[in-house]
Each structure stands twice: as C-alpha cells, then as structure tokens.
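Remarks on the overall topology
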Amino acid sequence: MNSDRYRRIFRHKTTLPLLFMAALSLGLASCAAPPAPKVPTVAVPNPTYRIGPGDVLSVFVYGSPDLSEAAVPVRPDGRFSIPLVQNIRAAGKTPLQLQNDIARRLKSYVKNPNVTVIVKSFHGALGSDIRVIGAGKPRSIPYVNGMTMLDLMTEIGGVPRFGLANGAFIIRRTGGHDVKIPVALGALLNQGDLKQNITLQPGDIVVIPRSLF
C-alpha cells in the first residue's frame, strides 16, 4: 500500500515540472520578437551616371575594412577623401572609373586592391541635366535615374506650342561623337507608341524643332 502511494507521489512531483517547462516554452515562443522590417533599397544610378558634388558614395575595399567608408560625401570641389587616398577627384567620373582610380592609388599600400564604389544618394553631376531646345523657351531639367522621354514631356508640360512633335530628336554624346536619335513625340503622346519612349541619359539634348506652319 505504502509503495503504491509513494509511486503516485513521485509521478505527481515529476509531472508538474514537465508541464511547467512546456508551458514556459510555449509562452516564450508566443513572445518571440517579430521579424525585422525590410530595409528599403536605395535606388542607384545606371552605369553611365557621372558623379557630382553632393553625391554620397560607399567605398568598399575588400579585405580592408579600415580603408572602407560606408557614406562619404563628395565635396563642392568635386573631391573626397578616404584613408590612404586623400583629395581624389570624383566629379565627372562614373562609379567604375572612380573605383579603378582608387585601386591604382591603393596599390602602394595594398596588394591587388579590390575596390567597389556605389552611389548611395545622388544629386546630379555638373553637365548631366537634360536640355530641351527648339520651339519654346530653352529649358534644363535635372536628370533622374531611369528617366524616359515620357517623364521629360510630363515635366515640361508636353510639346511646346508650335513645336514639330514628330520631328523631334535627341543629341547624345557617345564615344566622343554626337549621335542623332529621332523620336516621334506625337506618336508617343497621342497614340501611346511606347517604342518612342526612349530612356534618356545624363547630358542628352532634346531638340523639338519649330513648325513652319
């Protein structure tokens, strides 16, 4: 009789801690921290973008965290500094050109430096604006990454009065030469011809000739 009683007491005493631990684990699971919010991605310019004063750069030197900078601004004079590389010119260069320049400067200190430059925020390089000439008053529109012809027309309020919409063209500097790219603005704006919705590049000149009639 006594042995049965002791077995019941033993089972009772060992079951309670197990139940307590199970309840505790469920409570901790329900109080677990919510998943971290997604960090918004930063839009970066296309590879043809040329860095300008006010841009903020991320410079990463692989294997050398002491030489890397997460956010370094380009000064009004177009230059910036990182450890071991002082007053290097950035304005007017693409990120690829700049990272190659930094790597060359670092060769005196680092063996085979591997450098990556990312434009974290940008304000537009000097000379990167889109200029609109021809019919109407000449205008200069700040370039925005991914800007298209439709974006530009929305910004300036459409084809200027007396403008020859389907006679428009883009003058683009490519490889040291000016290239003329026809664009039918009338077909784009009136018929929705998205083939005419050309992606613009920094420094493009959009010419909308004046109609003779």
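Right, let's get into the nonpolar core. Judged by nonpolar contacts, the single largest core of 40 residues is most densely connected at Phe80, Ile102, Met149 and Leu152. Beyond its immediate stretch of four places on either side in the chain, Ile102 contacts Val59, Phe80, Ile82, Val85, Ile88, Val115 and Val117.

This next bit is on the confidence of the model for the protein. When pLDDT drops low, the exact placement of atoms in the prediction is not to be read closely. With 74% of its residues at a pLDDT of 70 or more, the protein shows a mean pLDDT of 78. Mean pLDDT values over the elements of the protein span from 49, in helix H1 (residues 2-30), up to 94, in helix H2 (residues 95-106). In this model residues 28-33 is a low-confidence stretch, pLDDT under 50, and it forms zero contacts with partners more than four residues away in sequence or in other chains. The low-confidence segment residues 36-45 (pLDDT under 50) makes 10 contacts with residues lying over four places distant or belonging to another chain.

This brings us to the pattern of salt bridges. Taken as a whole and judged by the stated rule, the model has four salt bridges. Residues Lys93 and Asp101 are paired through a salt bridge, measuring 2.6 Å at the closest nitrogen-oxygen approach. With its nearest N and O atoms 3.1 Å apart, the salt bridge here joins Arg173 to Asp178. Classification of Arg173 by relative accessible area gives exposed; the value is 56%.

Analysis parameters
- For every chain, the first residue of its written sequence is number 1, and the numbers climb from 1 along that sequence.
- pLDDT decides what is reported in this predicted model: residues at 70 or higher carry local features, side-chain atom pairs at 80 or more are listed and counted, and totals for whole chains, interfaces and linings draw on all residues regardless.
- Hydrogens are left out, water is left out, and the side-chain values use all remaining heavy atoms of the structure.
- What makes a nonpolar core is a set of buried Ala, Val, Leu, Ile, Met, Phe, Trp, Tyr and Cys residues whose side-chain atoms join them at distances within 4.5 Å.
- Each residue's exposure class comes from its accessible area (1.4 Å probe, protein chains only) as a fraction of the maximum for that residue type: buried when under 20%, exposed when over 50%, partly exposed otherwise.
- In what follows, residue pairs with any heavy atoms lying within 4.5 Å of each other are defined as contacts.
- pLDDT: the predictor's confidence for each residue, scored from 0 to 100.
- Numbered from the N terminus, helices here are DSSP runs of H or I no shorter than four residues, and strands are runs of E no shorter than two.
- Salt bridges are defined by distance alone: a side-chain nitrogen of Lys or Arg within 4 Å of a carboxyl oxygen of Asp or Glu.

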